[in-house]
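Descriptive analysis of the structure
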Amino acid sequence: MKLSQMFFVTLREEPSDAEVRSHALMVKAGFIHKLAAGIYVYGPLMWRVLRKVETIVREEHDRAGCQELLMPALQPREIWDESDRWDRYVADGILYHFQDGRGRDVCLGPTHEEVITDFVKARLTSYKQMPFTLYQIQTKFRDEIRPRFGLMRGREFVMKDAYSFDVDAETMAKSYQMMREVYRRIFSRCGLRFTPVEADAGAIGGSGSEEFMVDADTGEDAIAVCHDTGYAANVEKAVSRIPAPPEPPAEVAMHKEPTPNAKSCDDLLALFPDLPVERMLKTVIYKVTWADREAPVAVMARGDRELNEVKVLNHLDALNVELADEKLVKEVTGAEVGFAGPIGLKDGVRLLADASVEGVKGFLCGGNETDTHYLDVWFGRDLEQPETVDFGLVQEGDQTVDGNGTITITRGIEVGHIFQLGTKYSESMNLRFAAEDGKLGPAWMGCYGIGISRTAAAAIEQGHDENGMIWPLPIAPYSAMLIQMRHGDEVQDALAQEMHDALEGAGIDVLWDDRKQGAGAKFKDADLIGVPLRIVVGRDAKDRRVEWKPRSGGETEVIGADEAIERVKAAVAEARSA
RNA sequence: CGGGGCGUAGCGCAGCUUGGUAGCGCGCCUGCUUCGGGAGCAGGAGGUCGGAAGUUCAAAUCUUCUCGCCCCGACCA
């Protein structure tokens, strides 16, 4: 492809509203164009990248025996009522839903468990048909509360979703393991550094679940990893072992302490310098929402620990958990914000505790009275210990649960997520088959997603420098770039044309910068769009010699034109055989 | 949803306080010269200042409403 014939526009300046490198570079290089918040046009170069990612995704799914199909983005409400997810998705505000011309509720699919289940239900009758896995690559719609970071979190994005169907839990786990390997191969072939982590299943539901995180400091997800034990989990899901609390010097009777304006553990540490923070128990008031009601819930935790709202939400089987506002806190505790505690809460308020309170003796806690705390409180003596569950947020430096390693917190971009759904959808939507013994039972499902557009953005997040993108060869918009220094120079024209034809003839996608531009503009643009293999056709063209100048850096070499072609062929062949 | 900020040429911005016929850089068009890290000179095109209403002789500028975009969001009882 000649660059002079391409609709190719790059910007001199970076957009002022881009917060992350991938976003800024994609806009500057003309790869994407924002139509509205979280909605983008994929320009020709971007689309080539997306198609390459898709090709790898297809090849690996097909290799594993999965079958591609295409489901509609427009979906009727009825199937969402069957699975009982319409209300939840509407409440979350994530679903694009509206009424059609005849007043029927429809939505734009944020995911396709309902549609696939409906499709399979009409055809699945016997255990003999399983196992099988179906997948599609399609545009998804999610009305994100806050779209951001360019393609990282859009309201419309390209996703691959796959669904496996099995006769029982055991074979479902096998399908899941197979897909796990498919995912590893996909992200490896894309040239990405990534970490699979244990994950919370969220709104999709089901039992086991893992996320594939591209390692990047700008990632939206925090992950807990332990290099000693190999443990890796999203912090939403992660568990750890924390140090035991210090023993109090003596058993003292519970009493009230005046604590004017001491609303946080830091304030209290200033008032009680001798009291370890581990012996302060905080009580957080949450506003919890279920499908049919809303109620305040108080959760206790040790002063040095943080609560994980996802764990609270899962334990309560709620739709939403958020910190209570000032008004609700006053109503529940009868005090200003900052003095909530387990003793004297309004009647009927459910009290829970994080496992970190276990074994804490003689502690300080809020008095449910402004400017007042209780000190030297003992569970069992002064009050019953509330229902205690692990609600803790794993912190840097925690031990793994087995005590064999130390946890570090890093960040990642979630590009893939796989779930063992079990029978959640097959039961609610009545997807049954006859087993070997003739009995009817629900199919066992798994579901597996990859954000295609997000994967491309993550690749830039991981591969760039101050001059622009640096694409991994397998997903680069073009594998190779010919940079011709002087437009109209007969010798250069001839050699560049010859090399271009030779590469295209070998099935290699090559971009030829034949524009009438200065050298600086050509090099800047080449750096910006980040094509990995680069050949400069310049002053040595008369000797059939060119410069070998890979985007990732290293010394520029002057080599023969034929050798340059061989190098490109070899690099591309290696990438394809991976 | 709450808080903050911003909408002026394709892109990045100034002008607004103190109303008076809209400016800069990049990009674009034409010509000449250049040609190895975003070339130079000369000439030129391009904007109902997000939208609506109001105040005024006069509104990008003041007022009200509205739409859009960006950022932040309880650290913790």
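Residues numbered from 1 in each chain as written. Chains lettered and ligands numbered in written order. Predicted model: local features only at pLDDT ≥ 70, side-chain atom pairs only at ≥ 80, totals over all residues. Heavy atoms only, no water.

This part is about a negative patch on the surface. A cluster of acidic residues, Glu-294, Glu-309, Glu-322, Asp-325 and Glu-326, forms a negative patch on the protein surface. Along the chain, the position of Glu-326 falls in helix α9 (residues 326-333). Looking at Glu-326, the relative accessible area reads 49%, which means it is partly exposed. (Patch = residues over 30% accessible without salt bridge, like charges linked within 9 Å, V, L, I, M, F, W, Y side chains within 5 Å. Areas by Shrake-Rupley, 256 points an atom, 1.4 Å probe, with all protein chains shown as cover. Salt bridge = Lys/Arg side-chain N within 4 Å of Asp/Glu carboxyl O. Lys, Arg positive; Asp, Glu negative; His and termini not counted. Charge placed at Lys NZ, Arg CZ, Asp CG, Glu CD. Helix = DSSP H or I, 4+ residues; strand = E, 2+ residues; numbered from the N terminus. Buried < 20%, exposed > 50% of the residue type's maximum accessible area, 1.4 Å probe, protein only.)

The next thing to look at is the domain arrangement of chain A. The assigned domain composition of chain A is domain 1 (3-238 + 409-461), domain 2 (255-389) and domain 3 (478-577). Here the C-alpha centre of domain 3 lies 37 Å away from the C-alpha centre of domain 1. Between domain 1 and domain 3 the total buried area reaches about 1100 Å² when both faces are included, carbon and sulfur atoms providing 63% of it. Connecting domain 1 to domain 3 are two salt bridges. Inspection of the region where domain 1 meets domain 3 yields five residue pairs in polar contact (both at pLDDT 80 or more). Contributions of two or more residues to the side of domain 1 that touches domain 3 are made by α1 (21-28) and α2 (44-63). Broken down by class, the residue content of the side of domain 1 that touches domain 3 amounts to seven nonpolar, two polar and four charged. (Domains from an automatic or database assignment. Buried area = accessible area lost by both parts, 1.4 Å probe. Polar contact = N/O pair within 3.5 Å; in protein donor to acceptor, adjacent residues only side chain to side chain. Nonpolar A, V, L, I, M, F, W, Y, C, P; charged D, E, K, R; others polar.)

We now examine the packing of aromatic side chains. Counted by the stated rule, this structure contains ten aromatic pairs. Summarising the aromatic geometry, the rings of Tyr-183 and Phe-187 are spaced 6.1 Å apart at their centres and angled 80 degrees between planes, so their arrangement reads as edge-to-face. Here the residue Tyr-183 and the residue Phe-187 both occupy positions in helix α6 (residues 169-189), the gap between them amounting to four residues, near one helical turn. On the basis of relative accessible area, Tyr-183 is assigned to the buried category, the value being 0%. Taking relative accessible area as the criterion, Phe-187 reaches 0% and is therefore assigned buried. Members of the aromatic cluster, joined through ring pairs, are Tyr-183, Phe-187, Phe-194 and Phe-212. The aromatic ring of Trp-290 is capped on one face by Arg-293, whose charged end is 3.9 Å from the ring centroid. (Phe/Tyr/Trp six-rings, centres within 6.5 Å; stacked < 30°, edge-to-face > 60°. Lys NZ or Arg CZ within 6 Å of the ring centre and 35° of its normal.)

Moving on: α6. Over its 21 residues, α6 extends 30 Å from the first C-alpha to the last, a length consistent with the 30 Å expected when each residue adds 1.5 Å. Within α6, the full set of buried residues consists of Met-172, Ser-175, Tyr-176, Met-179, Arg-180, Val-182, Tyr-183, Ile-186, Phe-187 and Arg-189. Among the residues of α6, the N-terminal cap falls to Asp-168, whose side-chain oxygen and the backbone nitrogen of Glu-170 are separated by 3.3 Å. Where α6 terminates, the next one or two residues include Gly-191, which has phi positive at roughly 80 degrees. (Expected span 1.5 Å × (residues − 1).)

Structurally, the position occupied by Gln-484 is in strand β27 (residues 480-484). Among the residues examined, Gln-484 registers a relative accessible area of 1% and is labelled buried. Reaching out from Gln-484, the side chain makes a polar contact with the side chain of Asp-493 at a distance of 2.6 Å. Separated by 3.0 Å, the side chains of Gln-484 and Trp-512 make a polar contact. If near-sequence neighbours (up to four positions away) are discounted, Gln-484 is found in contact with Asp-489, Gln-492, Asp-493, Ala-496, Trp-512, Asp-513, Asp-514, Lys-522 and Val-537. (Contact = heavy atoms within 4.5 Å.)

The geometry of a pair of packed helices is captured by two quantities: the angle between their axes and the separation between those axes. Running from N to C, α1 and helix α11 (residues 452-462) cross one another at 105 degrees; their axes reach a closest spacing of 8 Å. The orientation of α1 with respect to α11, classified from their angle, is roughly perpendicular. Contacts between α1 and α11 involve Arg-21, Ser-22, Leu-25 and Met-26 on the former and, on the latter, Ala-457, Ile-460 and Glu-461. Of the residues contributing to the contact of α1 with α11, the split by class is four nonpolar, one polar and two charged. (Axes fitted to C-alpha atoms, helices over the stretch in contact; angles between N-to-C directions. Parallel < 35°, antiparallel > 145°, perpendicular 65-115°, else oblique.)

Below, the discussion takes up the sheet that holds strand β5 (residues 96-99). Taken in spatial order, the three strands make up an open sheet running β4-β6-β5, and their pairing is antiparallel. Pairing within the sheet leaves two strands with one partner each, and these edge strands are β4 (74-76) and β5. Across the sheet, the axes of successive neighbouring strands diverge by a mean angle of 30 degrees, strand direction being ignored. Where β5 lies against strand β6 (residues 105-108), four bridges are found, and the strand directions are antiparallel. Paired with His-97 across the bridge in β6 is Cys-107. (Pairing = 2+ DSSP bridges.)

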